[in-house]
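Fold and contact review
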Amino acid sequence: MKNRLELKILLLMIVVLIIGFGTYVIVSINRESEVLLEQQREKSRLFGETVMVGIRNVMLSGKAPYAAELVNDARENLEFGTLRVYDNTSKEVFPDEGRGVIAGAGDQQVRHAIEQETELMFSVSDSTGAHMVRIEPLRNERECQQCHSGNHTVRGVTRLTLDPSLMSVHAQKMAAHNTSDTKREVAEIISNTLAAGFRNIMLAGQGELMDTLVRRTARLPFIEKIKVYDRFGAVHFGEEERLAHEDSVMRAIQDAAPIMYAEKNNRVLTRLIPFRNEERCQVCHGSKSQWRGVMEVSLRTERLSMRPKELEMQLTAMLQATIGVGFRSIMLVGKGSYARAFINDVRAIGAVKDLRVFDNDANERFVNNQSKDHGLEFVKSALAKDTVIEAMQTIDGEEFLVRYTTLRNEKRCQVCHGDDHTIRGVVGVTTSMAAVNATIAQNQVYSLIAGALTILLVWLVLRVFMKAVVVRPIGSLGSVVREVGNGNFSVSSSITSNDEIGDLGKRINEMIVGLRERFHLQKFVSQQTVDYVQRASEMGVKLGGERKVATVFFSDVRGFTAFSETVEPERVVAMLNGILSRQAAIVKKYGGDIDKYVGDELVAVFQGEQMVKHAVQCAVEIQQMMCSLPEATADGIAIGIGINTGEMVMGAMGSEERMDFTVIGDAVNLGARLCSAAGRGQVIVSEYSAKYLKKEKGIALKKLKALSVKGKAKPIAVYEATAG
């Protein structure tokens, strides 16, 4: 009978928790996580399939070069991962170069060039030797503002460093009075840079912008002329004056290599560079001829200095100006991938040691990140098994969903690719799971909220259940408890049923008897103990304490032992109670709390901002009170007081069955030692407590001889406190 109610409550709690919280967590979270993961898989699959279809159709259309552009555009639009394309030997086909950005990578010189909008040239040394570095701003011209905002005059800077070994070789040739090779190589460097710009503009399908490149280049002071001829020798870009000999144009094409010759009494070097009609160029130029045309670049070599240091500075400025012309012209295309390709082409020129580009916030752009390809094993597995590989992969602590799909060599593809293999390549899509994992974590938070609501539901159901089954029968018990709470310990429960409620009534009656006894026992404990018990509330009183800074007050009756030996016990008790009662009243007056009485000794604790001041004022008044008791002074009774302030542990000490709420610690022990050292009618204060009294009026402090106390290696400084 007594266990029935308990079983009902436990059974109801278990059922509600399983149905409410448990079912929601197990079913809902798992289902939502699977849905999110499936959505990410589907997104990755659709993206990969779309890219594969695009590559396949571009290749079948005979415009294979556009495949690279398709992949680059796909990467630009892929916000949730990375895209890689491999051939059937696991080699990446369209490497993702020049897309990296390093925030705040610009040094002091770069920032100075941006802020002051000026060119800088200086020499630096490293393990490869001394070399020139030149920084030049990229102006935000009117035509650039079609894409860039017009609220700044500088878009960024280029930072160019020549290869030191280049100038070292030319310095040796100049010393031997051999300058022709140097001039020829300068012409080759400048013309190759312009040719790189030409190729990338044409590949972007923006041939009309070649006029911009040619026009800008012709303005450079070291350029005599620049023209572009078709494969028949007709001028396509540039002025139709001072044309190169038609046989020179045709000879460059026939030799399949650049040719160079001097003009104007060796004051000008002209270089003709043939352009092969590569497969990617045939989209616009067709495939009838293997040559597209020839670029002519004439360099004014008479302007070149044949002093090594001056030539290095001169060549650095010329090359950087040429790069700037090409870069600005290509940026007008409106596609960053071609600017990246141009920068990478220039970096490949042997004379260039380093070329870096920064925006106007000193962030480095067009960085070729050499990131490790973590997917090669998946690529090889997909090629070997001719299947889709999908897996979870952790890269640098972040989880990714990787999907590698084979690109099959269909029959229609074999016209160009042959029929000796069944797989043309692999398309890999790597998708970050950060957003999905964040959503799952968010769902878990929602689950916790749902759990809290479930617990609330349990509480509500239990309340209704308890009201119907338990609350009404024990209504009278509530009234009894209420009376007890109001301090009426004369009431008792009249319930006598033989069940849990009847047993509760009996226990309440026993509790009332105990409370009545404890009410009287409260007079024998400190206020701190009472406060602690009240704060403990339903949690129960537990052993342990907390650190606090407080002031301890120890007072001890001097001469009491001798007095008690010669006087009747009744008079001894009366005398002691009288002194302790007066002390207790004064302690209470100054806000102290009596911790305990130990024979004729009183221990009190003061807290708060004015604790030291109140403790000392209390001590001084107690000594004054003792002087006003003729019966005490007549019997040789006096009081010694010790006061100390410091960090101590305040809490319940003892055992679970018998405990005492008190303070312990080194600061408490020192207070007791000071009390023992205090003479009749003397108040001794520690140095730490005295610091609180330096500016207090009405209290006088007199420094005493340092005191050696038990537990301290060195004597401690003490003061005697009196009324000031």
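Everything here concerns the structure above.
What counts and what doesn't
Residues numbered from 1 in each chain as written. Predicted model: local features only at pLDDT ≥ 70, side-chain atom pairs only at ≥ 80, totals over all residues. Heavy atoms only, no water. Phe/Tyr/Trp six-rings, centres within 6.5 Å; stacked < 30°, edge-to-face > 60°. Helix = DSSP H or I, 4+ residues; strand = E, 2+ residues; numbered from the N terminus. Buried < 20%, exposed > 50% of the residue type's maximum accessible area, 1.4 Å probe, protein only. Core = buried A, V, L, I, M, F, W, Y, C linked by side-chain atoms within 4.5 Å. Contact = heavy atoms within 4.5 Å. Pairing = 2+ DSSP bridges. Axes fitted to C-alpha atoms, helices over the stretch in contact; angles between N-to-C directions. Salt bridge = Lys/Arg side-chain N within 4 Å of Asp/Glu carboxyl O.

The tally for this structure, following the rule as stated, stands at four aromatic pairs. Pairing Phe198 with Phe275 gives two aromatic rings, centres 4.4 Å apart and planes at 25°, and the pair type is stacked. One end of the pair, Phe198, is in helix α5 (residues 180-203); the other, Phe275, is in strand β9 (residues 268-276), and 77 residues separate them in sequence. Of the residues examined, Phe198 reaches a relative accessible area of 4% and is grouped as buried. Residue Phe275 is classed as buried on the basis of its relative accessible area of 3%.

Another point: the nonpolar core. By size, the foremost hydrophobic cluster in this structure holds 53 residues, and its most contacted members are Ile190, Met210 and Met295. The biggest single contributor to this core is α5, with 10 residues. Look past the residues within four positions of Met210 in its chain and what remains in contact with it is Phe198, Ile201, Met202, Val228, Phe237 and Met295. Residues Val557, Cys618, Val620 and Ile639 belong to the second largest nonpolar core, which totals 39 residues.

Right, let's talk about the sheet that holds strand β12 (residues 364-367) for a bit. The strand order across the open sheet built from six strands is β2-β12-β11-β5-β4-β3, with neighbouring strands paired in antiparallel fashion. Of all strands in the sheet, those bounded by a partner on one side alone are β2 (100-102) and β3 (120-126). With strand direction ignored, the average angle separating the axes of adjacent strands in the sheet is 30°. In terms of strand pairing, strand β11 (residues 352-359) meets β12 through two bridges, oriented antiparallel. Bridge pairing in β12 places Val357 opposite Arg365. Where helix α9 (residues 308-331) meets the sheet, its contacts fall on β3, β4 (129-139), β5 (154-162), β11 and β12, and the angle it forms with β4 comes to roughly 35°.

This part takes up the pattern of salt bridges. Here the structure, examined in full by the defined rule, presents 20 salt bridges. With a closest N to O distance of 2.6 Å, Lys264 and Glu224 form a salt bridge. Here Glu224 lies in strand β6 (residues 223-230) and Lys264 lies in the loop between β8 (259-263) and β9, a separation of 40 residues in the sequence. With a relative accessible area of 14%, Glu224 lands in the buried category. Of the charged contacts in the structure, one is a salt bridge between Asp556 and Arg558, with a shortest N-O distance of 2.6 Å. A cluster of three or more residues bridged by salt bridges with shared partners is formed by Glu224, Arg242, Lys264 and Arg300.

Moving on, we get to the pairing of strand β16 (residues 544-558). Bridge analysis of β16 against strand β19 (residues 638-654) gives 15 bridges, and the strand direction is antiparallel. Each bridged residue has a counterpart across the sheet, and for Val557 the counterpart in β19 is Ile639. For β16 and strand β18 (residues 601-606), the ladder comprises six bridges, and the chain directions are antiparallel. Along β18, the bridge assignment pairs Phe554 with Val603.

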